[in-house]
Amino acid sequence: MIPGMGGMEMLVIAILALVVVGPKDLPVLLRRLGKLTGKVRSMAAEFRASFDEMARQSELDELRKEVEALRNQQAQPLGPEIENHFREIGADLNALPTASIKPIDPELPNETAEAAASPVTETEPEQKAEPVPETPPQTPAEPHA
C-alpha cells in the first residue's frame, strides 16, 4: 500500500477513476498501470544490483591492493636474525639421532609398517609366566561290585 493513504482515500480514488475513465476502459487502465509499476520495480532492482556490483568491485580493488602490498613485503629478503634462527633449527634437526628408527619394510601390511616406522623405545623385558604343567584328566572312581 501507499504510505499515508488509508482505506477511505483509496475508495475515493477508485470511485473517481470509475467515473472519469468509465467502466469499459477501467480494466485496460489498471492493466497498463500494473505493467508500468512492474517496469518501475524492475528498473529499481536493476539499479540496486548495479550499485551492489560497484560496491563489490571497489571492495575487490581494495583487496587486490592489500594482496599486492603483502606480496611486495614477502619479496623482501629476510633479516639476518631470522635467517640465523632458521640455521639453528636446521642444525638441531640434523643433530637428531636417526639410528633408533627402524626402516620400513615394503612387504609389511600398512599397520605393521606404521609400527615399524615408529621410534624404538627400550622397555623392561616382559616377564614370562612359567608354564603350568598339564594334569591328565581325572576319571571318576568306579565302585567295586
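On a predicted model such as this, the values are computed, not experimentally measured, just so you know.

**Topic: a nonpolar patch on the surface**
- A cluster of nonpolar side chains, namely M8, L11, V12, I15, L16, V19, V20, V21 and L29, defines an oily patch on the protein surface of about 870 Å² accessible area.
- No other element matches the 8 residues that helix 1 (residues 7-21) contributes to the nonpolar patch.
- Along the chain, the position of V20 falls in helix 1.
- The exposed category is assigned to V20, whose relative accessible area is 65%.

**What to know about a positive patch on the surface**
- On the surface, a cluster of positive charge is made up of R31, R32, K35 and K39.
- With respect to the element layout, K35 can be found in helix 2 (residues 26-75).
- Classification of K35 as exposed rests on a relative accessible area of 57%.

What counts, and where the lines are drawn
Residues numbered from 1 in each chain as written. Predicted model: local features only at pLDDT ≥ 70, side-chain atom pairs only at ≥ 80, totals over all residues. Heavy atoms only, no water. Patch = residues over 30% accessible without salt bridge, like charges linked within 9 Å, V, L, I, M, F, W, Y side chains within 5 Å. Areas by Shrake-Rupley, 256 points an atom, 1.4 Å probe, with all protein chains shown as cover. Salt bridge = Lys/Arg side-chain N within 4 Å of Asp/Glu carboxyl O. Helix = DSSP H or I, 4+ residues; strand = E, 2+ residues; numbered from the N terminus. Buried < 20%, exposed > 50% of the residue type's maximum accessible area, 1.4 Å probe, protein only. Lys, Arg positive; Asp, Glu negative; His and termini not counted. Charge placed at Lys NZ, Arg CZ, Asp CG, Glu CD.

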